Amino acid sequence: MTPSTGYSVASILVDGAPSGAGTTYTFDSVTTNHTIAVSFAPATLSITVQTSPPGRSITVDGVGYTAPQVFSWTANTPHTIAADSLQLVPGDKRHAWTSWSDALARSHTVTPLVNTTYTATFKTQFLLSMSANTGGTVSTIVMTSLQLVTFPLQSVMCQSRKIFVSHWLMTL
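Residues numbered from 1 in each chain as written. Predicted model: local features only at pLDDT ≥ 70, side-chain atom pairs only at ≥ 80, totals over all residues. Heavy atoms only, no water.

Draft legend 1. Region of the structure containing the overall build of the chain. Of the regular secondary structure elements, the chain holds zero helices and 14 strands. Scanning the chain from its N terminus toward the C terminus, one meets helices and strands in the order β-β-β-β-β-β-β-β-β-β-β-β-β-β. In the chain, which comprises 172 residues, the proportion classed as buried is 24%. Put simply, 51% of the contacts in the chain that link residues at least 6 apart link residues at least 24 apart. (Helix = DSSP H or I, 4+ residues; strand = E, 2+ residues; numbered from the N terminus. Buried < 20%, exposed > 50% of the residue type's maximum accessible area, 1.4 Å probe, protein only. Contact = heavy atoms within 4.5 Å.)

Structural data, given as structure tokens:
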């Protein structure tokens, strides 16, 4: 008695009488005909939805959670998992979603058949603040809402030399 992926043995009837659940049954001293009826049912799965780094916000079936979360789902039933593209964290930084472990979109439907862990991966982004001490100046732009930007620097003055920088892109 081998259940298909996503199913388990729900019950076994031997000669019309319940014999419990399992995947085997042994007849002792067979001297007559017998019948075995096996019922299968969708398995109950343990599904983990987590983030890297941990503690980020996730949405499962339209409900918000803080990761990680473990769910009991019936095999072969659809569920929607999602993560916000940007999540602010203390200290002038944010986490930007980069991928799910199953390589699907930021919000997508999953229909697992076996116990599964889904991981949303985020990249940490930092706010760039610029300043200069005496002997030089830095022209900068204000980065509102912690936006990613490529920006031109006018020039950086260093004592008697002037250094020109055409563009500066910082990715952490």
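Following the structure, the description resumes.
Draft legend 2. Spatial organisation of the nonpolar core. Within the largest apolar cluster, 17 residues are counted, with the highest numbers of intra-cluster contacts made by Ile47, Val49, Val60, Trp73, Ile81, Trp100 and Tyr118. Elements with a minimum of two residues in this core: strand E4 (44–52), strand E5 (57–60), strand E7 (69–74) and strand E12 (116–126). Non-local contacts of Trp100, meaning those with residues more than four positions away in its chain, are made with Val49, Gln50, Ile81, Ala82, Ala83, Ala105, Arg106, His108, Tyr118, Thr119 and Ala120. (Core = buried A, V, L, I, M, F, W, Y, C linked by side-chain atoms within 4.5 Å.)

Draft legend 3. Just the sheet that holds strand E3 (residues 36–42), in detail. Spatial strand order, E2-E1-E3: three strands in an open sheet with antiparallel pairing. Two strands bound the open sheet, and with one partner strand each, they are strand E2 (17–18) and E3. (Pairing = 2+ DSSP bridges.)

Draft legend 4. Region of the structure containing the pairing of E12. Inspection of the sheet shows E4 paired to E12 by six bridges, in the parallel sense. Note that in E12 the partner of Thr51 across the bridge is Ala120. Pairing of strand E10 (residues 93–100) with E12, which is carried by seven bridges, proceeds in the antiparallel orientation. When the bridges of E12 are listed, Lys93 appears paired with Phe126.

Draft legend 5. Focus on a nonpolar patch on the surface. On the surface, a nonpolar cluster with roughly 430 Å² of combined accessible area is contributed by Met1, Tyr7, Tyr25, Ile36 and Phe40. Counting through the fold element by element, Ile36 comes out in strand E3. (Patch = residues over 30% accessible without salt bridge, like charges linked within 9 Å, V, L, I, M, F, W, Y side chains within 5 Å. Areas by Shrake-Rupley, 256 points an atom, 1.4 Å probe, with all protein chains shown as cover. Salt bridge = Lys/Arg side-chain N within 4 Å of Asp/Glu carboxyl O.)

Draft legend 6. Just the sheet that holds E4, in detail. The strand order E7-E4-E12-E10-E9 describes an open sheet built from five strands, whose pairing is mixed. Taken across any chain shown, the strands that pair with only one partner, and hence form the sheet edges, are E7 and strand E9 (86–89). Each neighbouring strand pair of the sheet contributes to a mean axis angle of 30 degrees, computed without reference to strand direction. Note that E9 and E10 share four bridges and pair antiparallel. For Gln87, the partnering residue across the bridge sits in E10 and is His95. (Axes fitted to C-alpha atoms, helices over the stretch in contact; angles between N-to-C directions.)

Draft legend 7. Examining the side chain of His79 more closely. Here His79 shows up in strand E8 (residues 79–82). In this structure His79 comes out as buried when scored by relative accessible area, which is 13%. Reaching out from His79, the side chain makes a polar contact with the side chain of Asp61 at a distance of 2.6 Å. Not counting residues within four places of it along the chain, the set of residues in contact with His79 comprises Asp61, Trp73, His108, Thr109 and Val110. (Polar contact = N/O pair within 3.5 Å; in protein donor to acceptor, adjacent residues only side chain to side chain.)

Limitation: the analysis is restricted to geometry and does not speak to function.
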